[in-house]
Amino acid sequence: MTDKHYTDLDAVIVGAGFGGMYQLICLRDRLGLSVKVLEAADGVGGTWYWNRYPGARCDSESHAYWLTFDADLMKGWEWTERYPEQPEILRYLNYVADRYDLRRNIQFNTRVTAATYDEAANRWHVRTAAGETFTAQYLITAVGCLSTANVPKIPGLDRFKGAWYHTGQWPHEGVDFTGKRVGMIGTGSTGIQAAPVIAQTAAHLTVFQRTANYSVPARNVPLTDEFKQWIKDNADQIRFLTRDTPNGQAFRVSPQKAVDTPAAEREAIYEAAWERGGLQFRAAFQDLLSSKEANDTAADFIRRKVRQIVKNPDTAALLSDFDHPYAAKRPPIDTDYFETFNRPNVTLVDVKAAPIEAITPDGIRTANGEYKLDIIVFATGFDAMTGPLLGLNIQGRDGVSLRDAWKDGPINYLGLQVTGFPNLFTITGPGSPSVLTNMPVAIEQHADWISDCITYMRAKGLDRIEATPEAMTRWVAQVNEAGNATLLPMAKHSWYLGANIPGKPRVFMPYAGGMTRYRQICEAIAANGYEGFALTAADAAADAAADTRQPTAA
Ligand code: NA7
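The paragraphs below set out a description of the structure included in this document. Please read all numbers here as calculations on a predicted model, not as lab measurements.

Points about the site of the ligand
In the region of the ligand, 17 residues are neighbours, and Thr-187, Thr-190, Arg-210, Thr-211 and Lys-329 sit closest. Lys-329 has a polar side-chain atom sitting 2.6 Å from an oxygen atom of the ligand. Alone, the ligand offers 780 Å² of accessible surface; in the complex the protein occludes 86% of this. Taken together, the residues of the shell around the ligand break down into six nonpolar, eight polar and three charged.

In structure tokens, the structure reads:
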């Protein structure tokens, strides 16, 4: 089964979503390296391959949510809606794969089960579920930040007589809700997208809410021919803008502060932002994520909107009983989410006041009673950021596992490298802006940086790169400082903090200093000869390994 030709590669990339595909283009087509991409699914797409739940749609606007390294690639694709739906993004990623003939270097249906660094040979050995081993100098993970599904361990699930699904592992053939009593647990971005669509066909939808969540209307619309042409004519400017904004989006954050704006004017600005819709609402004022006082004005505005939309005052109160600052958790955008609770076939259940106790053969039992269900939908999120990386069972120098190195939370340098794991690069790893930005922008920046780094190493005859412990310590401090300068850590149950997974260390994981600042830091480090990284030549690496194996005089 093993393809001998590919067992000694320059690089193995794990994952064939945006990250793995673009990294392949960089390394294979620009650097001429021998590369294999290993992908568990039977097609490209990553996140967008798995997340096929009803209503799955990107929250970034389509003209910002793509690869921008090649203007012809941009001009060769036409988005149809303001926010692309999952099938359209998957079609787009297949278009990328076709255009650059990527599939010949991607091995599908291949799940990586372990990766071990062999110091003497300076090679990574990557093992798969089918028992194959690939060896490569570089190991690059492109496994996504939200790809390890979190199905909470609620007793009784195995005895449930109906069907259950996690939104991130949705059946390809879809799920027919017609005439069914559906229970959905979770009101994050996913649940907020799925509920209105499920409610259209289900006999009844019961939404189990633990934490009330903010949401702003997406205001999705089909793109006009005029706008499609504008995108083609302005590909370069769009690329520039997404590289010049802290969130990697194609819109700017207002320089105005909410706290300095008179109440009537502020209300008018929020009203206009609500009508415009989408993540731009967060950009209405520059101080929404740095000042609690400013944030309170946005929270109050959204709370009033929810109470206007939802007719039942008890349901409205429950839906708007926010316990964290606006956008301190990932802020969802929706199409008729709050309106859905005005339907006669939709019920909201407060599982904060009366927690879920068990899943019974017939439904869900909370402290208040049993809800009879035919289908349970888990919109319960992911073991974010670290889950997909730890799932690879990576073992670095001296047999130390990444799991052990990160037992108190993820520590690394730039979100890209971990001491003790030479030549391992983690695309959009924890400690980088990743989930706080428009992901394709963060992905392109990382893949380019890794590619430039490998180019530098080859030019200098260097074979091994490893973050120094000092650089790693300094970076972790910078990540903490950037997070603490914002209101983000105030949402104590957020997955940014790992708080959604029982037992996971509570560490604020993404770098909150913004994409523009982060890019500058990465560029300065590269320009300084990869400051903070130890770079060694092959012989030196082998000598170092031999040294550590010498018996001591004693
Ligand atoms: P999220 O944002 O992690 O949301 C998960 C939701 O599930 C959230 O409302 C949780 O409540 C709820 N949840 C999780 N476990 C339970 C249990 N045991 N009982 C009740 N409720 C539970 O995941 P999403 O898939 O919506 O979004 C992930 C990201 O994908 C999103 O942010 C975008 O970046 C795209 P909680 O708030 O923890 O009380």
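Observations regarding helix H4 (residues 86-99)
Because an α-helix packs 3.6 residues into every turn, residues spaced three or four apart end up facing the same way. The terminal C-alpha atoms of H4 lie 20 Å apart, and with 14 residues this matches the ideal 20 Å at 1.5 Å per residue to within 8%. If you check which residues of H4 are buried, you get Gln-86, Glu-88, Ile-89, Leu-90, Tyr-92, Leu-93, Tyr-95, Val-96 and Ala-97. Residues of H4 that are buried sit in contact with helix H1 (18-30), helix H2 (47-50) and helix H3 (71-75). Trailing H4 by a residue or two, Asp-101 shows a phi angle of about 50°, which is positive.

Re the packing of aromatic side chains
Tallied over the entire structure, the rule returns 39 aromatic pairs. Taken together, a centroid distance of 5.4 Å and an interplanar angle of 75° make the contact between Tyr-214 and Tyr-326 edge-to-face. In this pair, Tyr-214 is assigned in the loop between strand S9 (204-209) and strand S10 (216-217) and Tyr-326 in the loop between helix H10 (313-319) and strand S11 (333-334), connecting sequence segments 112 residues apart. Judged by its relative accessible area of 4%, Tyr-326 falls in the buried class. Ring geometry for Trp-274 against Phe-301: centres 5.9 Å apart, planes inclined by 70°, an arrangement best described as edge-to-face. Residue Trp-274 is found in helix H8 (residues 263-276), and its partner Phe-301 is found in helix H9 (residues 292-309); the two are separated by 27 residues along the sequence. Assigned by exposure class, Trp-274 and Phe-301 land together as buried. Above the plane of the ring of Tyr-49 lies Arg-52, whose end atom (NZ or CZ) is 4.7 Å from the centre.

Things to note about the sheet that holds strand S8 (residues 181-185)
If you trace the five strands from one edge of the open sheet to the other, you get S7-S16-S8-S9-S12, paired in parallel fashion. Edge strands, defined here as strands with exactly one partner in the open sheet, are strand S7 (163-166) and strand S12 (346-350). Strand-to-strand twist across the sheet, computed as the mean angle between neighbouring axes with direction ignored, equals 20°. Relative to strand S16 (residues 375-378), S8 is paired through four bridges, and the arrangement is parallel. Note on S16: the bridge partner recorded for Gly-183 is Ile-376. In this fold helix H5 (residues 189-201) packs onto S8, S9, S12 and S16, with an angle of close to 170° to the strand it touches most, S8.

Notes on unusual backbone geometry
In this model, Asn-122 sits at a positive phi of 55°, which is unusual for a non-glycine residue. Along the chain, Asn-122 turns up in the loop between strand S4 (112-118) and strand S5 (123-128). Phi at Ser-434 takes a positive value of approximately 30°, unusual for a residue other than glycine. By the element assignment, Ser-434 lies in the loop between strand S18 (424-426) and helix H14 (439-460). Since its relative accessible area comes to 0%, Ser-434 is described here as buried.

Quick notes on the side chain of Asn-500
Considering the arrangement of structural elements, one finds Asn-500 in the loop between helix H15 (469-484) and helix H16 (515-527). By relative accessible area, which is 17% here, Asn-500 ends up buried. Side-chain polar atoms of Asn-500 contact the backbone oxygen of Phe-382, separated by 2.8 Å. Leaving out residues up to four positions away in the same chain, Asn-500 has contacts with Asn-150, Phe-382, His-493, Ser-494 and Trp-495.

Cut-off values and rules
- Residues numbered from 1 in each chain as written.
- Predicted model: local features only at pLDDT ≥ 70, side-chain atom pairs only at ≥ 80, totals over all residues.
- Heavy atoms only, no water.
- Near = heavy atom within 4 Å.
- Polar contact = N/O pair within 3.5 Å; in protein donor to acceptor, adjacent residues only side chain to side chain.
- Areas by Shrake-Rupley, 256 points an atom, 1.4 Å probe, with all protein chains shown as cover.
- Nonpolar A, V, L, I, M, F, W, Y, C, P; charged D, E, K, R; others polar.
- Helix = DSSP H or I, 4+ residues; strand = E, 2+ residues; numbered from the N terminus.
- Expected span 1.5 Å × (residues − 1).
- Buried < 20%, exposed > 50% of the residue type's maximum accessible area, 1.4 Å probe, protein only.
- Contact = heavy atoms within 4.5 Å.
- Phe/Tyr/Trp six-rings, centres within 6.5 Å; stacked < 30°, edge-to-face > 60°.
- Lys NZ or Arg CZ within 6 Å of the ring centre and 35° of its normal.
- Pairing = 2+ DSSP bridges.
- Axes fitted to C-alpha atoms, helices over the stretch in contact; angles between N-to-C directions.

Geometry only, nothing functional implied.
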